[in-house]
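A structural walkthrough
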Amino acid sequence: MTTTQDFTTQGSTNLGADKIARSATAYALYNNGIWAGDKGLATVDQTDTYNSGSGTWNKPAGFDDNDTVLIEAWGGGGGGGSARDNATNSGGGGAGGAYIAYAVRYVDCPSTISYSVGSGGTGATRTTDGATNGTDGGDSTVTIGSNTFRANGGPGGTAVDGATTATGGAAQTPQIDSNTFSTSLWNSGVGGSDGVNGGGGIFGAAGGGHSKYSVTTTNTSGGSSFYGGNGGNGGATAGNGVAPGGGGGGAASAGTSNAGDGANGRIIIKVIRGWHPTMISR
């Protein structure tokens, strides 16, 4: 399977250092735990996955100086907006959470890494006429020494009770306090607006779909992401986003209107033997 943005063929195990260096953290290249690296094949020896909460990761013993610690993070998805009215109303989808990945040599990685996983935003509910916006997804952060990396949460979708059309949450870009490591940044998908599906993502999570009521209900689908979570579909009872970081669908109806929740973000920390990226870029 090939894609168009700087990563090559998924499933290959011997693509060469130059192609891996241009890939988005090269993780899309591994197959069954085997990676192609600049020092030959490399194995993912340890994987720790965090789907909620905060805490401290402890660096394991028994690795070589030039082995790699690879960290990936997605922000939480935004909740969808919800509106109810017998005339015209609309609810926008929540945006997906942004994605960030970075790698550091084992010897340069401190003994502990602090992390916090962003929660998904809450989709709004309307049982009486009116409009309520969805809440924003939380940021996921990882602190390595003096450097903090932030995968932004997706904004919640707006909602409108009236002829004006609600808009989806805006796409997000991750942030780095100090770029001293090999780093890859990927935006999230925007939340769906009138007649438009939720935005898709490659590594960032996708946005939720839109819903509009005006005599009849018109809904759009949530976006899809290659490696992040998908967005929920819009509807009178909208779909929730899929972890990690998918945005919730927007809702609109003449009756009860339930927007979808955004999904929690995620943080994954891997220790990889025999491989160190010389450069990671979008």
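Before going into details, it helps to say that this report is about the structure given with it. (Residues numbered from 1 in each chain as written. Predicted model: local features only at pLDDT ≥ 70, side-chain atom pairs only at ≥ 80, totals over all residues. Heavy atoms only, no water.)

**Points about the nonpolar core**
Across soluble globular proteins, you tend to see nonpolar side chains buried next to one another. Threshold: What we call a nonpolar core is a set of buried Ala, Val, Leu, Ile, Met, Phe, Trp, Tyr and Cys residues that are connected through their side-chain atoms within 4.5 Å. Buried, partly exposed and exposed residues are distinguished by accessible area as a fraction of the type maximum, computed with a 1.4 Å probe on protein chains only: under 20%, between the cut-offs, and over 50%, respectively. Helix and strand definitions follow DSSP, with helices as H or I runs of at least four residues and strands as E runs of at least two, each counted in order from the N terminus. Here, residues are in contact when the closest pair of their heavy atoms is within 4.5 Å.
In terms of nonpolar packing, the biggest core is built from 21 residues, with Trp57, Val69, Ile71, Ile113, Val142 and Ile267 touching the most fellow members. Those elements that place two or more of their residues in this core are strand E4 (68-74), strand E7 (99-105), strand E8 (112-116), strand E11 (140-144), strand E12 (147-151) and strand E20 (266-273). Residue contacts for isoleucine 113: discarding those within four places in its chain leaves Gly55, Thr56, Trp57, Val69, Ile71, Val142, Thr143 and Ile144. Formed by five residues, the second largest nonpolar core is a distinct cluster that contains Tyr99, Ala101, Phe203 and Ile268.

**Topic: the environment of valine 104**
Looking at where valine 104 falls in the secondary structure, it is placed in strand E7. For valine 104, a relative accessible area of 3% translates into the label buried. Note: C-alpha distance between valine 104 and isoleucine 71 (33 residues apart in sequence) is 8.7 Å.

**Let's talk about the side chain of arginine 126**
Keep this limit in mind: Polar contact is the term for a pair of N or O atoms within 3.5 Å; when the atoms are in protein, one must be able to donate a hydrogen and the other to accept it, and sequence-neighboring residues count only if both atoms are side-chain atoms.
Tracing the backbone through its elements, the reader meets arginine 126 in strand E9 (residues 125-126). Polar contacts involving the side chain of arginine 126 include one to the main-chain carbonyl oxygen of threonine 128, which spans 3.2 Å. In this structure the side chain of arginine 126 is engaged in a polar contact, spanning 2.8 Å, whose partner is the backbone oxygen of aspartate 129. For arginine 126, the contacting residues outside a window of four places in its chain are Ser82, Ala83, Arg84, Ala131, Thr132, Gly255, Thr256 and Ser257.

**Observations concerning the packing of aromatic side chains**
Basically, it comes down to this: Stacked, tilted and edge-to-face pairs are distinguished by plane angle, under 30 degrees for stacked and over 60 for edge-to-face with tilted covering the rest, among Phe, Tyr and Trp rings (Trp via its six-membered ring) whose centres lie within 6.5 Å. By definition here, charges over rings are those cases where NZ of Lys or CZ of Arg is within 6 Å of the ring centre and within 35 degrees of the ring normal.
Here the structure, examined in full by the defined rule, presents eight aromatic pairs. When the ring of tyrosine 102 is compared with that of phenylalanine 149, the centres are 3.7 Å apart and the planes differ by 15°; the resulting orientation is stacked. Pair noted here: tyrosine 102 is in strand E7 and phenylalanine 149 is in strand E12, with a separation of 47 residues, a long-range link. For the pair tyrosine 102 and phenylalanine 149, a shared accessibility class is recorded, and that class is buried. Site record: aromatic cluster; members linked through ring pairs are Trp74, Tyr99, Phe203, Phe226 and Tyr227. The ring of tyrosine 106 has lysine 59 sitting right over it, with the charged end atom 4.4 Å from the ring centre. Positioned above the aromatic ring of phenylalanine 63, the side-chain terminus of arginine 273 is 4.2 Å from the ring centre.

**A look at the pairing of E8**
Basically, it comes down to this: Pairing between strands requires that DSSP locate at least two bridges from one strand to the other.
Only one face of E8 is buried: it carries Ile113 and Tyr115, and the other face, with Thr112, Ser114 and Ser116, is open. Here strand E3 (residues 54-58) pairs with E8 via five bridges, running antiparallel. For glycine 55, the partnering residue across the bridge sits in E8 and is tyrosine 115. Here E8 runs beside E11; their pairing, made up of three bridges, is antiparallel.

**A short note on the pattern of salt bridges**
Test applied: We count a salt bridge whenever a side-chain nitrogen from Lys or Arg sits within 4 Å of a carboxyl oxygen from Asp or Glu.
For the structure on display, the rule yields five salt bridges. Ionic pairing is found between aspartate 129 and arginine 84, a salt bridge with its closest N-O pair at 3.4 Å. Taken together, the residues aspartate 129 in the loop between E9 and strand E10 (130-132) and arginine 84 in strand E5 (residues 82-84) connect sequence positions 45 residues apart. Judged by its relative accessible area of 21%, arginine 84 is partly exposed. The residue aspartate 139 makes a salt bridge to arginine 150 at a minimum N-O spacing of 3.6 Å. Placement of the pair is aspartate 139 in the loop between E10 and E11 and arginine 150 in strand E12, with a sequence separation of 11 residues. Among the residues examined, aspartate 139 registers a relative accessible area of 31% and is labelled partly exposed. Judged by relative accessible area, arginine 150 falls into the partly exposed class, the value being 27%.

Any functional reading would require information beyond the geometric quantities listed.
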